[in-house]
Amino acid sequence: MTNRQQILAHRPVGMPTKDTWTLTETEVPELKDGEVLIRNQYVSLDPAMRGWMNDARSYIPPVQLGEVMRAGTVGEVIKANNHPTFKVGDVLSGWGGVQEYSITDGTNYYQVDTRLAPMPTYIGTLGMPGMTAYFGILEVGKIKEGDVVVVSGAAGAVGSIVGQIAKIKGCHVVGIAGGPDKCKYVVEELGFDACIDYKNESVAAGLKTHCPKGMDVYFDNVGGEILDHCLARLKMNARIVICGAISQYNNRENVQGPKNYLSLLVNRATMQGMVVFDYAPKYGEAALQMGQWMAAGKLKSREDIYEGIENFYETFTRLFTGEKKGKLVLKLV
Ligand SMILES: NC(=O)c1ccc[n+]([C@@H]2O[C@H](COP(=O)([O-])OP(=O)(O)OC[C@H]3O[C@@H](n4cnc5c(N)ncnc54)[C@H](OP(=O)(O)O)[C@@H]3O)[C@@H](O)[C@H]2O)c1
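Residues numbered from 1 in each chain as written. Predicted model: local features only at pLDDT ≥ 70, side-chain atom pairs only at ≥ 80, totals over all residues. Heavy atoms only, no water.

**Comments concerning the packing of aromatic side chains**
The relation between two aromatic rings is expressed through the spacing of the ring centres and the mutual angle of the planes.
Okay, so step 1: Tallied over the entire structure, the rule returns eleven aromatic pairs.
Okay, so step 2: Here the aromatic rings of Phe135 and Tyr279 are separated by 4.9 Å at their centres, their planes lie at 10 degrees, and the arrangement is stacked. With Phe135 in helix H2 (residues 128-140) and Tyr279 in the loop between strand S13 (270-273) and helix H8 (283-295), this residue pair connects regions lying 144 residues apart in the sequence. In this pair, the class of Phe135 matches that of Tyr279, namely buried. (Phe/Tyr/Trp six-rings, centres within 6.5 Å; stacked < 30°, edge-to-face > 60°. Helix = DSSP H or I, 4+ residues; strand = E, 2+ residues; numbered from the N terminus. Buried < 20%, exposed > 50% of the residue type's maximum accessible area, 1.4 Å probe, protein only.)

**Digging into helix H3 (residues 157-168)**
Okay, so step 1: Its twelve residues place the ends of H3 17 Å apart at the C-alpha level, agreeing with the 16 Å of an ideal helix rising 1.5 Å per residue.
Okay, so step 2: Burial analysis of H3 places nine of its twelve residues in the buried class, the great majority of the element.
Okay, so step 3: Every buried residue belonging to H3 is among Val158, Gly159, Ser160, Ile161, Val162, Gly163, Gln164, Ile165 and Ala166, and all of these are buried.
Okay, so step 4: Tucked into the core, H3 has its buried residues touching H2, strand S8 (148-152), strand S9 (172-177), strand S11 (215-220) and H8.
Okay, so step 5: Gly170 sits one or two residues past H3 and shows a positive phi near 85 degrees. (Expected span 1.5 Å × (residues − 1). Contact = heavy atoms within 4.5 Å.)

**Some details on the layout of surface pockets**
Okay, so step 1: Volume-wise, the second largest pocket comes out at about 470 Å³.
Okay, so step 2: What lines the second largest pocket is a set of 22 residues, among which Ser93, Tyr110, Gly127, Met128 and Tyr283 lie closest to the centre.
Okay, so step 3: Looking at the lining of the second largest pocket, the elements that each hand over two or more residues are strand S5 (91-94), strand S7 (110-111), H2 and H8.
Okay, so step 4: Top contributing element to the lining of the second largest pocket by residue count: H8, with three residues.
Okay, so step 5: Residues belonging to the lining of the second largest pocket are distributed by class as follows: twelve nonpolar, eight polar and two charged.
Okay, so step 6: Both of domain 1 (2-124 + 301-331) and domain 2 (128-277) provide at least three residues apiece to the lining of the second largest pocket. (1 Å grid on protein atoms, 1.4 Å probe; cavity = no way out; pocket = protein on both sides within 12 Å on 5 of 7 lines; lining within 4 Å. Points joined across faces, edges and corners; volume = space filled by probe spheres on them. Nonpolar A, V, L, I, M, F, W, Y, C, P; charged D, E, K, R; others polar. Domains from an automatic or database assignment.)

**Some thoughts on the environment of Val150**
Okay, so step 1: Tracing the sequence through the fold places Val150 in strand S8.
Okay, so step 2: Once the C-alpha coordinates of Val150 and Ser263 are considered, the two residues, 113 residues apart in sequence, prove to be 16 Å apart.

**A few points about the pattern of salt bridges**
Okay, so step 1: Counted under the stated rule, the structure contains 13 salt bridges.
Okay, so step 2: Here Lys325 ties to Asp181 by a salt bridge, and the two come within 2.9 Å at their closest N and O atoms. Note that Lys325 is positioned in the loop between helix H9 (312-321) and strand S15 (327-331) and Asp181 in helix H4 (residues 180-189), a separation of 144 residues in sequence.
Okay, so step 3: Among the residues examined, Lys325 registers a relative accessible area of 14% and is labelled buried.
Okay, so step 4: One salt bridge connects Lys184 with Glu188, and the closest N-O pair in it is separated by 3.7 Å. One end of the pair is Lys184 and the other is Glu188, both in helix H4 and four residues apart, which spans about a single turn. (Salt bridge = Lys/Arg side-chain N within 4 Å of Asp/Glu carboxyl O.)

**Some thoughts on the domain arrangement of the chain**
For interface size, the figure often reported is the accessible area lost on association.
Okay, so step 1: Each domain of the chain was delimited in the assignment, giving domain 1 (2-124 + 301-331) and domain 2 (128-277).
Okay, so step 2: Taking the mean C-alpha position of each, domain 1 and domain 2 sit 28 Å from one another.
Okay, so step 3: Residue-level contacts link 21 residues of domain 1 with 16 residues of domain 2.
Okay, so step 4: Summed over both sides, the interface of domain 1 with domain 2 buries roughly 1,600 Å², with 60% coming from carbon and sulfur.
Okay, so step 5: Taken together, the connections running from domain 1 to domain 2 amount to one salt bridge.
Okay, so step 6: Connecting domain 1 to domain 2 are seven residue pairs in polar contact (both at pLDDT 80 or more).
Okay, so step 7: Here the element with the most residues in the side of domain 1 that touches domain 2 is H9; it accounts for three residues. (Buried area = accessible area lost by both parts, 1.4 Å probe. Polar contact = N/O pair within 3.5 Å; in protein donor to acceptor, adjacent residues only side chain to side chain.)

**Re the packing of helix H5 (residues 203-210) against helix H6 (residues 224-231)**
Okay, so step 1: Where H5 meets H6, the closest approach of the two axes is 10 Å, and the angle between their N-to-C directions is 35 degrees. Here H5 and H6 pass one another in a crossing that is right-handed. Taking contact as the criterion, the partners of Val203, Ala204 and Leu207 in H5 are, on H6, Ile226, His229 and Cys230.
Okay, so step 2: For the contact of H5 with H6, a count of residues per class yields five nonpolar, one polar and no charged. (Axes fitted to C-alpha atoms, helices over the stretch in contact; angles between N-to-C directions. Left-handed = near helix turned anticlockwise from the far one by under 90°.)

Have a look at this one:
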């Protein structure tokens, strides 16, 4: 049996290029005692993958050159060799990587129920991005009814869920996204109160219009200039959730830091970073709640699915060009 894998070939400087990865073929080895073989059906494409390619200290070690590109996956067990928990036919989510098959002893994999939600949802709203949104906005953002909440990357995997949770909790929600089509989607389909098209409008003017008295919470997915505009419009005791800074991930120079940070002082505000993995013991609780919201029609989950391991590079770049809505997924079979 042949396994096609995307291998990290070069560490990118700036935006990754096609030769950053090599598509290789290897034989799938025999299973050892206690292992399972998974056919990966969907691969999660996440902005964090860009950071994992840098040879730098971070919250997890970098992917090494010559290794399979790290990625979240969901797929079906097609062979099991005395595994204590998993059997053939089980659908598992875990860190399978950008490859067609993976072998594991089950560490960091968990079983998902495809009768409750389709497979891709388990790497989206009911997976890592959904967990990030849930704990980020509730535990770090500490939203309460009536808060004015601003979220960037509003049409994306994390941002779309952040805004919808904030609406469920009775907040006034303003999104920031690229392009009129995404802004229309955010307001008309996801139910945000307003959306600022940062590619065609002034963010500063949009914030003034939609948050005339300032904001209580800014959920930051993008960093850079948008973070500075939001810093300038904080209310007293505001909270900024530093979730990500996608505008900076492909910088060839240093990351652009916030210029308006003294607004934190003036407004007795906080700016706190978060890493979703810290909330792993509580993922079950969050998935249950979000599943209930989805079943009740209060939370919409959208996956944008592209096909073929050979199209990994072209699909991955959509994270940075913005040519996608909701959670970006690569379908393998
Ligand atoms: N801290 C954590 O534990 C954690 C976990 C998961 C994700 N994250 C972070 O959360 C953020 C969102 O992740 P996601 O998975 O939900 O990705 P996503 O929003 O689904 O996809 C990325 C989006 O970023 C926007 N974007 C790209 N370049 C941009 C730029 N220069 N300026 C402004 N926006 C830009 C694009 O939307 P537009 O078309 O609107 O520009 C694109 O669709 C990322 O920063 C990611 O690293 C953090």
